[in-house]
Amino acid sequence: MTLKKLRDEIDNIDTEMMDLFVKRMNLSRQVAEEKKASGTPILNMKREKEVLAKVSDQAGETLDRYARILYNTIFDVSRSYQTRFVHTDSPLKTAIENAMLTTPDMFPTKAIVACQGIEGSYSQQATEKIFNFPSIMYFNNFESVFNAVDKGLCQYGVLPIENSSYGSVGPVYDLMKNHHFYIARSFKLRIAHRLLAKPGIKLENITEIVSHEQALGQCSKFLESLKDVKITVCENTAIAAEMVAKIQRSDIAAISSRECAEIYGLDIISEDIQISDNNYTRFICISKNLEIYPGANKLSLMLSLPHRPTSLYNMIAKFSALGLNLTKLESRPIPGSDFEFMFYFDMEASLCSPEVVSLLCELASQPELFVFLGSYIEN
């Protein structure tokens, strides 16, 4: 057969397959209605395994693996379709609708905001970009920021979550699964690191440099160029600057910001020492209650997945089917588990889309852990 005739034959088969697919999905909807009436769960692993065994035998050894992939996808699509008819009164859908109705049209300009560190920190700078007139409360660590928001001590909290040069802020991701919160806004702050020391001190006089782990990583090439210099990690870049200003030594310097040089009376002895000029840190602004402001075009969630082949693939396929652009996928091990992971997703999506809301409700109805982290604008 010629190539054209082969393609014509495939087109005919595709037409037949689509007719059968539509017929199968219509039957799947009827199954969903029966399940809803009887209170039967959508997922039936025993039934799916029986079908997989049958199609595997029918496909033969050569096409066995491909048939399993095809039918796993069909199962996933079918369950997704059934969810639309079974979980019509989803608590998550109700929460989203209430938030969209009750959230003000404008993001607040004033608020009491929790930040990790002290005056001059990058978290402070990000907070002052997000809010025009924030009242900032400083805390020693990231967990205290989460606790301040959770207990109502502060209306919002601002936390660094990832850097364009040095990757994710692991401790923040690890804490996210232990606290109840929502992301209300996100902001990318350009980070330009400077090496700060007491007035009159030169680079050749420095024997120790102190800063936060992320800042040290973002300046790794500069640090590698120095000889016989001790590197010390501390809680925050602003705390590093304050330490250098207060300590009775002239051979110590801090990687910090221009603002901290002014606040703590230090000289800048090296400018722009980060790996890349295009160095940004993304900060999230968290709230205790779900707030969805008009124009929100990004959403985040975290979930666990079954420890079996194709689980992650099937999950990503759900987003792909709706044309959603994943902008972040982060995995973190679940403490105490046997090689199981929590996955964090950021994506470009709007909750004005009924299909997106339906997908979130589907994920929330599954037995695995699912947490909706919010829908927000990123600046």
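Just above sits the structure.
If you're wondering where the values come from, they're calculated on a predicted model, not measured in any experiment. (Residues numbered from 1 in each chain as written. Predicted model: local features only at pLDDT ≥ 70, side-chain atom pairs only at ≥ 80, totals over all residues. Heavy atoms only, no water.)

**Q** Would you mind going over the sheet that holds strand β6 (residues 194–197) with me for this structure?
**A** Think of a sheet as strands paired side by side through backbone hydrogen bonds, with each pair either parallel or antiparallel. Taken in spatial order, the 5 strands line up as β8-β7-β9-β6-β10 in an open sheet, and their pairing is mixed. Looking at the sheet topology across the chains shown, the edges are occupied by β8 (230–233) and β10 (267–270). Across this sheet, the average inter-strand angle for adjacent strands is 35 degrees, counted without regard to direction. Both β6 and strand β9 (residues 252–256) contribute to a ladder of 3 bridges, which runs antiparallel. Bridged to L196 within β9 is A254. In the packing of helix α10 (residues 237–246) onto the sheet, contacts are made with β6, β7 (208–211) and β9, and the angle to β9 comes to roughly 155 degrees. (Pairing = 2+ DSSP bridges. Helix = DSSP H or I, 4+ residues; strand = E, 2+ residues; numbered from the N terminus. Axes fitted to C-alpha atoms, helices over the stretch in contact; angles between N-to-C directions. Contact = heavy atoms within 4.5 Å.)

**Q** What is the right way to read the side chain of T103 from this model?
**A** Turning to its location among the elements, T103 is positioned in the loop between α4 (91–102) and β1 (110–116). On the basis of relative accessible area, T103 is assigned to the buried category, the value being 8%. Within the structure, the side chain of T103 is placed 2.6 Å from the backbone oxygen of A99, a separation counted as a polar contact. Separated by 3.0 Å, the side chain of T103 and the backbone nitrogen of I292 make a polar contact. When neighbours within four sequence positions are excluded, T103 is seen to be in contact with L290, E291, I292 and Y293. (Buried < 20%, exposed > 50% of the residue type's maximum accessible area, 1.4 Å probe, protein only. Polar contact = N/O pair within 3.5 Å; in protein donor to acceptor, adjacent residues only side chain to side chain.)

**Q** Got a minute to help me understand the pattern of salt bridges in this structure?
**A** Where charged atoms from two side chains of opposite charge come close, those side chains can pair. Using the criterion set out here, one finds 22 salt bridges in the structure. Close ionic contact of E33 with R29 constitutes a salt bridge, the shortest N to O distance being 3.6 Å. On the criterion of helical spacing, the pair formed by E33 and R29 is a turn pair, its members being 4 residues apart in helix α1 (residues 3–38). Judged by its relative accessible area of 36%, R29 is partly exposed. (Salt bridge = Lys/Arg side-chain N within 4 Å of Asp/Glu carboxyl O.)

**Q** When you look at unusual backbone geometry in this model, what are you seeing that I'm missing?
**A** What you tend to see is this: most non-glycine residues have negative phi, and most peptide bonds are trans. The backbone of D228 sits at a positive phi, close to 55 degrees, despite the residue not being glycine. The class of D228 is exposed, set by a relative accessible area of 75%. Within the chain, D272 stands out as a residue other than glycine whose phi angle is a positive 45 degrees. Here D272 lies in the loop between β10 and β11 (280–287). A residue is classified by how much of its surface remains accessible, and D272, at 36% relative accessible area, is partly exposed.

**Q** Sorry, what's going on with the nonpolar core here?
**A** Taken as a class, soluble globular proteins show a tendency for nonpolar side chains to be buried jointly. Of all hydrophobic cores here, the largest spans 27 residues; its most connected members are L299, L301, L303, L351, L360 and F372. At the level of elements, α4, β12 (298–304), α12 (311–321), β14 (341–348), α13 (354–365) and β15 (370–378) are the ones that each hand at least two residues to this core. Dropping the residues within four chain positions of it, L299 is found in contact with F345, D346, M347, A349, L351, V356, L360, F372, G374, S375 and Y376. Core analysis: the next-biggest nonpolar cluster, separate from the first, contains 24 residues, C154, Y173, M342 and Y344 among them. (Core = buried A, V, L, I, M, F, W, Y, C linked by side-chain atoms within 4.5 Å.)

**Q** I would appreciate a short explanation of a nonpolar patch on the surface in the present structure.
**A** Side chains of M18, F21, V22 and V77 sit close together on the surface and give an oily, nonpolar patch of about 320 Å² of accessible area. Among the elements that line the nonpolar patch, the one with the most residues is α1, at 3 residues. (Patch = residues over 30% accessible without salt bridge, like charges linked within 9 Å, V, L, I, M, F, W, Y side chains within 5 Å. Areas by Shrake-Rupley, 256 points an atom, 1.4 Å probe, with all protein chains shown as cover.)

**Q** Explain the environment of A317 here, please?
**A** Of note, A317 is situated in helix α12. The exposure class of A317 is partly exposed, given its relative accessible area of 31%.

**Q** What am I meant to see in helix α5 (residues 122–130) here?
**A** Within an α-helix, residues lying three or four positions from one another point in the same direction, as the helix has 3.6 residues per turn. Burial runs high along α5: 7 of the 9 residues are buried. Within α5, the full set of buried residues consists of Y122, S123, Q124, Q125, A126, T127 and I130.

**Q** Can you walk me through α13 in this structure?
**A** End to end, α13 covers 16 Å across 12 residues, agreeing with the expected 16 Å (1.5 Å per residue, within 8%). At its buried positions, α13 is contacted by α3 (64–86), α4, β12, α12 and β15. (Expected span 1.5 Å × (residues − 1).)

**Q** Is there a simple way to think about the packing of aromatic side chains in this case?
**A** Given two aromatic rings, one states the distance between the centres and the angle between the planes to describe the pair. Tallied over the full model, the rule gives 9 aromatic pairs. Between Y71 and F75, the aromatic rings sit 6.3 Å apart at their centres with planes inclined by 65 degrees, giving edge-to-face as the arrangement. Taken as a pair, Y71 and F75 lie in helix α3 at a separation of 4 residues, close to a single helical turn. Exposure remark for Y71: the relative accessible area of 24% places this residue in the partly exposed category. For F75, a relative accessible area of 7% corresponds to the buried category. Between F107 and F131 the ring centres are 5.3 Å apart and the planes differ by 40 degrees, which places this aromatic pair in the tilted class. You can see F107 sitting in the loop between α4 and β1 and its partner F131 sitting in the loop between α5 and β2 (133–139), a full 24 residues away along the chain. (Phe/Tyr/Trp six-rings, centres within 6.5 Å; stacked < 30°, edge-to-face > 60°.)

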